[in-house]
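# Topology and contacts: notes
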Amino acid sequence: MASPLLTSAASKAGSDLNDPRYDPSIFNTPFKNLPNPKRVWLGEPSSSLEGLGPLSLLTEDVVRQAASEIKTGRRVGLGWDMKKLEYSQFGRQKCEHRLLPLNGPDATGMGTCFDDVYEMNPQSSSQWDGFRHYSQPRDTNGSRVSDSRVFYGGCTKEEIMDPSNHRIGIQHWAPEGIAGIYLPVDGVISHNLIVRAIEYSLCYIGRGILVDYGHWAASQSPPISYSCFSTHSIPLSTIKTILNEQNVTSRKGDILFVRTGLMPEWETFSEKQKVDYAAQAVPEHAGVEASIELLEWLWDSGISAVAGDAISWEVYPTPGEVSVHEYLLAGWGMPIGELFDLEALSTTCRELGRYSFFTTSAPLIMKGGVSSPPNALAIF
């Protein structure tokens, strides 16, 4: 078997980091056998492979298998209203939308046509966290609160703040080329046509699987009661139980969605409750447990990306030394989706009795981008 090792970061990047660089065959190595499970960097520094991370698991074969999930043509959007999170943490800007009236052709007057302007921080609604979003300690054996830190691939904050440097930006998530699904003369859109169009589209796609924790918790006897704005933690054992009850077996390349039920709870908040939430020095967010066992399961299952309706995906504040954000974003280059609206998806999965589906997401093509609205759909 060929070695997944490419070279060392230090020899190519001129840094003091001697961490190895891998090719995608490293994903065949069990978590327990990884030289350093907190730092699995793909490709040469500044390469497209480095910019993809585990999204490189979404091969043509994986896409073809995922496309077989399309049976009814039913479609569900996964984006939240961009202005629903009226008050956000860390002083993040809420989305603003302005209309610009234009003078029409042949002097038909202002307002004959309109443009619009969006001013937003993607973190204030549904978004993918990219690799520039979160760092980890330079010394993976040191303290998690160290101020000497690096991003995925060994990228530094100086590189990120250099406007001419686009390393590990979200532009790598949109491969070159574009195609559409066209309607043949006989009016039939075949499975092969769908796959061919998808393989060259400006997005990343695969099979999505939903862990509907919110519904599962409410159906227990007695019901498991919790707030999405608390340190309620979803155990790995429960995730496995739910997948088993939903008859879902994870497979390599899957995109894992976890629903907590945040959107309905947010809607019940008064204006004062929303203001008070945003003003907290340390907010509390329910989410998936932060543990080595969870990380081992994600890695060995071949998950390519994770997402959910929670604000932080994993429980926050981090209760111990394991930060899922540090492992996934800075260590593995695995995208984390947050504030996805999974309410309609939950309903559709229950109605159809299916918790796996075809997923498509087209992030923004922004060189050096940190995050992006997902523009995501689930197709059944």
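Source: prediction; values computed, not measured. What you see as residue numbers is a count from 1 along each chain, following the sequence as written. Reporting of local features is limited, given that this is a predicted model, to residues whose pLDDT is at least 70; pairs of side-chain atoms are given and counted only at 80 or more, and all residues count toward the totals for whole chains, interfaces and linings. Side-chain metrics in this entry use all non-hydrogen atoms of the structure; hydrogen atoms and water are not considered.

### A few points about the overall build of the protein
Just so we agree on the cut-off: For the purposes of this entry, the term helix denotes a DSSP run of H or I that reaches at least four residues, the term strand denotes a run of E that reaches at least two, and both are numbered from the N terminus. Burial classes follow relative accessibility: with a 1.4 Å probe on protein chains only, a residue under 20% of its type's maximum area counts as buried, one over 50% as exposed, and anything between as partly exposed. Here, two residues are considered to be in contact whenever any of their heavy atoms come within 4.5 Å of each other. Computed with a 1.4 Å probe, the accessible areas rest on the Shrake-Rupley method; for each residue, only the protein chains presented here act as cover.
When you go through the protein residue by residue, the secondary structure sums to twelve helices and 18 strands. Buried residues in the protein amount to 52% of all 380 residues. Summarising the internal contacts of the protein: among those between residues at least 6 apart in sequence, 75% fall at separations of at least 24. As presented, the protein carries roughly 17300 Å² of accessible surface, and 53% of it is formed by carbon and sulfur atoms.

### Here we look at the packing of helix α10 (residues 292-301) against helix α11 (residues 324-332)
The line we're drawing: Lines fitted to the C-alpha atoms define the axes, with helices restricted to the stretch that makes contact. Angles between their N-to-C directions range from 0 to 180 degrees. By convention, the crossing between two helices is left-handed when the near helix turns anticlockwise from the far helix through less than a right angle, and right-handed when the turn is clockwise. Charged residues are taken to be Asp, Glu, Lys and Arg, nonpolar residues to be Ala, Val, Leu, Ile, Met, Phe, Trp, Tyr, Cys and Pro, and polar residues to be all remaining types, Gly included.
Between α10 and α11, the shortest axis-to-axis distance is 10 Å and the interhelical angle comes to 35°. Considering how the two elements wind past one another, α10 and α11 form a crossing that is right-handed. For the pair α10 and α11, the contacting residues are Ile292, Leu294, Leu295, Leu298 and Trp299 in the first and Val324, Tyr327, Leu328 and Trp332 in the second. Classifying every residue of the contact of α10 with α11 gives nine nonpolar, no polar and no charged.

### Brief notes about the environment of Gly287
Looking at the element boundaries, Gly287 is found in strand β13 (residues 287-288). The buried category is assigned to Gly287, whose relative accessible area is 1%. In contact with Gly287, other than residues within four places in its own chain, are His232, Ser233, Ile234, Trp313, Glu314 and Val315.

### Re the side chain of Lys38
Here Lys38 lies in the loop between β2 (20-22) and β3 (41-42). In contact with Lys38, not counting residues within four places along its chain, are Gln136, Pro137, Thr140, Glu326, Tyr327 and Gly331.

### Quick look at the nonpolar core
To keep things clear, this is the line we draw: The set of buried Ala, Val, Leu, Ile, Met, Phe, Trp, Tyr and Cys residues whose side-chain atoms join them within 4.5 Å is what this entry labels a nonpolar core.
Ranked by size, the top nonpolar core spans 69 residues in total, and within it Leu256, Leu298, Trp313, Trp332 and Leu345 carry the most contacts. In terms of nonpolar packing, the next biggest core, distinct from the first, is built from eleven residues, Leu85, Cys228, Leu262 and Tyr277 among them.

### Points about the confidence of the model for the protein
Test applied: Values of pLDDT, which run from 0 to 100, indicate the predictor's confidence residue by residue.
Here the protein shows a mean pLDDT of 88. Residues at 70 or above account for 88%. When the criterion is pLDDT under 50, residues 9-15 qualifies, and its contacts beyond four places in sequence or with other chains add up to twelve contacts. Ignoring residues within four places in sequence, the model shows residues 176-190, a span with pLDDT below 50, making 19 contacts including any to other chains.

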